[in-house]
Amino acid sequence: MEPTFNFWDNMAKRYPRFNDASMSKDVNHIINWCQNKNVSFEGASILDIGAGTGTIAIPLAQKGAHVTAMDISEGMLAALNEDAKEQGVSAKVHTYQSDWEAFPLNQKYDIVIASMTPAISDEQKIEKMLGATKGLGIYIGWGKYRNNKLVEALVKAHTTEEEDCASAGCINANKFIETLKEKKIPFESDFFETSWTDTYTFDEAKEYAYDQLKRKEITPNEAIVESILVSFIKDDKVHVTTEAEKGMVLWNVA
Ligand SMILES: C[S@@+](CC[C@H](N)C(=O)[O-])C[C@H]1O[C@@H](n2cnc3c(N)ncnc32)[C@H](O)[C@@H]1O
C-alpha cells in the first residue's frame, strides 16, 4: 500500500525531468523499441498513467501525440506543465491530477502507457488500464532486479528483516505479462539493463533517506541515517547509484 505522507510530492523536487540524460537514455530506448514494432505516436491520443514530470509525456508530445498526463502528485504535474510550456508543447499535453483508481475514464485512447508507477499496483488497476485503450498499451516495470546500495544500507540498519527493494512501487513487468497471458491478449516484451546516479547535497540526501524509510513505514533514526550518508559522500556530495533491469511490454487490443 502506498504511504499517506506526500512521498511523491517530496520526490517531485528531486525526480528527473524529461531532459535528464540518464532518464532520456531509457525513454529513448523505450520509444525506439516501440517504433521498431511499428508503433506510431504522431497524432495519437495517449493516456500516460502516473506520468510524473513528463519524462515520457513530453517526448511523445514532441512527436505530435495528444497526451493526457494523469498523476496523483500536484508537484510532479507542476514540473511537467512547466517543461511542456518551455518546450512549446502545452497545447499537446493535458494534465489531470488524480489517483488512478478514481480517474474518470470517459473515453478510450489510441495508446495507454504506464511507466514505473505504483498507480498500477494490483489486478483491478491493470484491468482499468487494459480498458483504457482502443488500440495499444505499453507497460514499463522493473525486471528481475533493482539495486540501490544506499536504500539497502538504510533499511538494513533500521530493521532486522531482509528487505526486497524491488517490491516497492510499481508491479514487476513479468507480473503484468502473466495477466496478459491469462486474458489471452497478444503482447511483445523485452528487458534492458540500466543504471543511474543521483547526486544530492547532504541535506537533500537526508530528506531522500527519510522519505525512502517512511515509505516503507520505518521510523528514521537520525544518527544512523547520517552515519550511512557520510559513507556515500564523494567531493562534498552524496552519490546514490541505482542499477536495475526494466521490462517493456507492448500489447494490442485492436
Ligand atoms: C517513479 S514515478 C514514474 C514517472 C514516469 N511515468 C516515469 O516513468 O518517469 C511514479 C509516478 O507515479 C505517480 N503515482 C503514484 N501512485 C499513483 C496513483 N495511485 N495514481 C496516479 N499516479 C500515481 C507518482 O506521483 C509518480 O509521479
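Only a predicted model underlies this, so the values are computations on that prediction, with no experimental measurement involved. Here the residue numbers are simple positions, counted from 1 along each chain's written sequence. Totals for whole chains, interfaces and linings use every residue, but because this is a predicted model, local features are given only for residues with pLDDT of at least 70 and side-chain atom pairs only at 80 or more, for both listing and counting. Computation of side-chain values: all heavy atoms of the structure, hydrogens and water removed.

(A) Representation of the site of the ligand in the model. Any residue with a heavy atom lying within 4 Å of a molecule or strand is counted as near it. The immediate surroundings of the ligand are formed by 19 residues, with Y15, T55, D71, S115 and T117 found nearest. Think of a polar contact as two N or O atoms within 3.5 Å of one another; within protein, one of them needs to be a possible hydrogen donor and the other a possible acceptor, and neighboring residues in sequence only count if both atoms come from side chains. One of the backbone N or O atoms of W100 is found 2.9 Å from a nitrogen atom in the ligand. Considering the ligand on its own, with 600 Å² of exposed area, one finds that the protein chains cover 94% of that surface. Residue polarity is assigned by list, with Asp, Glu, Lys and Arg as charged and Ala, Val, Leu, Ile, Met, Phe, Trp, Tyr, Cys and Pro as nonpolar; anything else, Gly included, falls into the polar class. Considered class by class, the residues forming the shell around the ligand number 10 nonpolar, seven polar and two charged. In these tables, accessible area is a Shrake-Rupley quantity obtained with a 1.4 Å probe, and a residue counts as shielded only by the protein chains included in the view.

(B) Region of the structure containing the pattern of salt bridges. The rule for a salt bridge is simple: a side-chain nitrogen of Lys or Arg has to be within 4 Å of a carboxyl oxygen of Asp or Glu. All chains considered together, the criterion is met by 14 salt bridges. Here E82 ties to R17 by a salt bridge, and the two come within 3.1 Å at their closest N and O atoms. Residue E82 is found in helix α4 (residues 74–86), and its partner R17 is found in the loop between α1 (7–12) and α2 (21–36); the two are separated by 65 residues along the sequence. Judged by its relative accessible area of 49%, E82 falls in the partly exposed class. Salt bridges here are not isolated pairs; linked through shared partners, they connect R17, E82 and D83. By definition, any uninterrupted DSSP run of H or I lasting at least four residues is a helix, any uninterrupted run of E lasting at least two residues is a strand, and each is numbered from the N terminus. For each residue, the accessible area found with a 1.4 Å probe, counting protein chains only, is set against the maximum for its type, and the residue is called buried under 20%, exposed over 50%, and partly exposed in between.

(C) Quick look at the environment of M23. Tracing the chain through its elements places M23 in helix α2. Placed 210 residues apart in sequence, M23 and I233 show a C-alpha to C-alpha distance of 23 Å.

(D) Geometry of the packing of helix α6 (residues 149–158) against helix α9 (residues 222–230). At a minimum axis separation of 10 Å, α6 and α9 run at an interaxial angle of 145 degrees. Read as a crossing pair, α6 and α9 show a hand that is right-handed. On α9, the residues touching L150, A153, L154, A157 and H158 of α6 are I224, V225, I228 and L229. Broken down by class, the residue content of the contact of α6 with α9 amounts to eight nonpolar, one polar and no charged. Simply put, an axis is a line fit to the C-alpha atoms, just over the touching stretch for a helix, and the angle between two N-to-C directions goes from 0 to 180 degrees. We call a crossing left-handed when the near helix sits turned anticlockwise from the far one by less than a right angle, and right-handed when that turn is clockwise. Two residues qualify as a contact provided that any one of their heavy atoms is within 4.5 Å of a heavy atom in the partner residue.

(E) Broad picture of empty space enclosed by the protein. Site definitions follow a grid-based scheme: protein atoms alone, a 1 Å grid, a 1.4 Å probe that fits but cannot get out for cavities, and for pockets an open set with protein on both sides within 12 Å along at least five of seven lines, plus lining residues having an atom within 4 Å of a point. Grid points are joined across faces, edges and corners, and a volume is the space filled by probe spheres set on the points. Following the criterion strictly, the structure yields one cavity of 30 Å³ or more and no others. Its boundaries defined by the atoms lining it, the largest cavity holds a volume of some 50 Å³. Lining the largest cavity, in full, are I30, I31, C34, F41, I56, L60, I113 and I138. No other element matches the three residues that α2 contributes to the lining of the largest cavity. Grouping the constituent residues of the lining of the largest cavity by class yields eight nonpolar, no polar and no charged.

(F) Region of the structure containing the packing of aromatic side chains. Aromatic rings from Phe, Tyr and Trp, with only the six-membered ring used for Trp, were paired whenever their centres fell within 6.5 Å, and each pair was classed as stacked if the ring planes differed by under 30 degrees, edge-to-face if by over 60, and tilted otherwise. What the rule picks out here adds up to seven aromatic pairs. Note on F7 and W8: the rings are 4.9 Å apart at their centroids and 85 degrees apart in plane angle, and the pair reads as edge-to-face. Judged by its relative accessible area of 2%, F7 falls in the buried class. Either the NZ atom of lysine or the CZ atom of arginine qualifies as a charge over a ring when it sits within 6 Å of the ring centre and within 35 degrees of the ring normal. The ring of W100 has K128 lying over it, and the distance from NZ or CZ to the ring centre is 4.8 Å.

(G) Representation of the nonpolar core in the model. The criterion is simple. A nonpolar core is a set of buried Ala, Val, Leu, Ile, Met, Phe, Trp, Tyr and Cys residues joined through side-chain atoms within 4.5 Å. In this structure, I49, W100, I120, M129, Y139, F176 and W251 are the most contacted members of the largest nonpolar core, which totals 61 residues. Considering each element in turn, this core owes the most residues, six residues, to α2. Core analysis: the next-biggest nonpolar cluster, separate from the first, contains 15 residues, A205, A209, I218 and V225 among them.

(H) The arrangement of α4 in detail. Over its 13 residues, α4 extends 18 Å from the first C-alpha to the last, a length consistent with the 18 Å expected when each residue adds 1.5 Å. All buried positions along α4 are accounted for by M76, L77, A79, L80, D83 and A84. Here the buried residues of α4 occupy an arc of 155 degrees about the axis, which is enough to place them on one side. Summarising the geometry of α4, the exposed residues directed more than 90 degrees from the buried face are E74, K85 and E86. As for α4, its buried residues are in contact with α1, α3 (57–62), β2 (66–71) and β3 (93–97). Working rule for helices: expected span equals 1.5 Å times residues minus one. Each direction from the helix axis to a C-beta atom contributes to the arc, which is the arc of those directions.

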